[in-house]
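# Examination of the molecular architecture
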Amino acid sequence: MRDNDDGLRDLYQEVIFDHNRKPRNFHAMDDASHRADGHNPLCGDQLTVYAKVSDGIVQDVSFIGHGCAISTASASLMTEAVRGQPVEQVEALFRDIHAMLTEAHPDCDLGKLEVLSGVREFPSRVKCATLAWHTLHNAIVQAGDTAVTE
């Protein structure tokens, strides 16, 4: 019988590979109300996150760019998780994801996003996994102004 950690590692790899090969919501958004550019100088990942926010709800979200498998998969997973959510909940999710990857696991259920917890085993890849999240945060905070995330 396989150890539970091996099962989680396999799931992590499967989800990361799937979202890297077929990223969801990978397109520019001409009518976005919020936009930010993100760049990870350590590995060269670059992306732009677009969001359409109306009445405090993220109505639509997408991204374009290039990066490693973890960066692309994290951006893809993020777009699925935040669409239709209130901005306050998106910001709380940003904090929870950041905590999960850099500190202690938050005391909440992150659903499918839990697969990103595997990145903690590779500290040099944490910035790859958080790039899209920081970029979306900047897009929301900057209220549509272009911002660069490091």
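Residues take numbers from 1 onward in each chain, read along the sequence in its written order. For this predicted model, a pLDDT threshold of at least 70 governs which residues receive local features, and a threshold of 80 or more governs which side-chain atom pairs are given and counted, while totals over whole chains, interfaces and linings are taken from all residues. To obtain the side-chain values, all non-hydrogen atoms of the structure were used and water was disregarded.

### Section: the overall build of the protein chain
Under the scheme used here, helices are H or I runs from DSSP no shorter than 4 residues and strands are E runs no shorter than 2 residues, and both carry numbers assigned from the N terminus. Per the secondary structure count, the protein chain includes 4 helices and 4 strands. For the protein chain, the sequential pattern of α-helices and β-strands runs α-β-β-β-α-α-α-β. Computation of the radius of gyration draws on C-alpha atoms, with the globule rule given as 2.2 Å multiplied by the number of residues to the power 0.38. Whereas a compact globule of 150 residues would reach a radius of gyration of roughly 15 Å, the protein chain reaches 15 Å, a difference of no more than 12%. Taken over the C-alpha atoms alone, the protein chain extends approximately 50 × 30 × 25 Å along its principal axes. Categorising residues by exposure relies on relative accessible area from a 1.4 Å probe, with only protein chains included: less than 20% of the type maximum marks a residue as buried, more than 50% marks it as exposed, and the intermediate range marks it as partly exposed. Counting over 150 residues, the protein chain shows a buried share of 45%. Residue contacts are defined here by distance: any two heavy atoms, one from each residue, within 4.5 Å place the two residues in contact. The contacts in the protein chain between residues at least 6 apart in sequence include a share of 58% that link residues at least 24 apart. Surface accessibility follows the Shrake-Rupley procedure with a 1.4 Å probe radius. Residue values consider only the protein chains on display as shielding. Carbon together with sulfur atoms contributes 49% to the accessible area of the protein chain, which is approximately 7,600 Å² in total. When charges are tallied, Lys and Arg are placed among the positive residues and Asp and Glu among the negative ones, while His and the ends of the chain are skipped. Each charge is placed at NZ for Lys, CZ for Arg, CG for Asp and CD for Glu. Positive and negative charge centroids in the protein chain, built from 13 and 23 side chains respectively, lie 5 Å apart.

### Details of unusual backbone geometry
Within the chain, N25 stands out as a residue other than glycine whose phi angle is a positive 60°. Counting through the fold element by element, N25 comes out in the loop between α1 (4–21) and β1 (34–40). For N25, a relative accessible area of 18% puts it in the buried group. If you check the backbone angles, D55 has positive phi at about 55° while not being a glycine. One can find D55 in the loop between β2 (45–54) and β3 (57–66). Judged by relative accessible area, D55 falls into the exposed class, the value being 79%.

### Here's the deal with the side chain of S117
Topologically, S117 is positioned in the loop between α3 (87–102) and α4 (126–141). You can call S117 buried: its relative accessible area is 18%. Among the polar contacts made by the side chain of S117, one reaches the main-chain carbonyl oxygen of E114 at a distance of 2.7 Å. Beyond its immediate sequence surroundings of up to four residues, S117 is in contact with M100 and L101. Residues adjacent in sequence count toward polar contacts only when both atoms are side-chain atoms; beyond that, a polar contact is any pair of N or O atoms within 3.5 Å, and within protein one must be able to donate a hydrogen and the other to accept it.

### Observations regarding the packing of aromatic side chains
Ring geometry is summarised as follows: Phe, Tyr and Trp rings, the Trp one being its six-membered ring, pair when their centres sit within 6.5 Å, and such pairs are stacked at plane angles under 30 degrees, edge-to-face over 60 and tilted between the two. Overall, the coordinates contain 1 aromatic pair when judged by the stated rule. Considering the side-chain rings of F26 and F63, the 5.1 Å spacing of their centres and the 80° angle between planes classify their relative orientation as edge-to-face. One end of the pair, F26, is in the loop between α1 and β1; the other, F63, is in strand β3, with 37 residues separating them in the sequence. What makes F26 partly exposed here is its relative accessible area of 39%.

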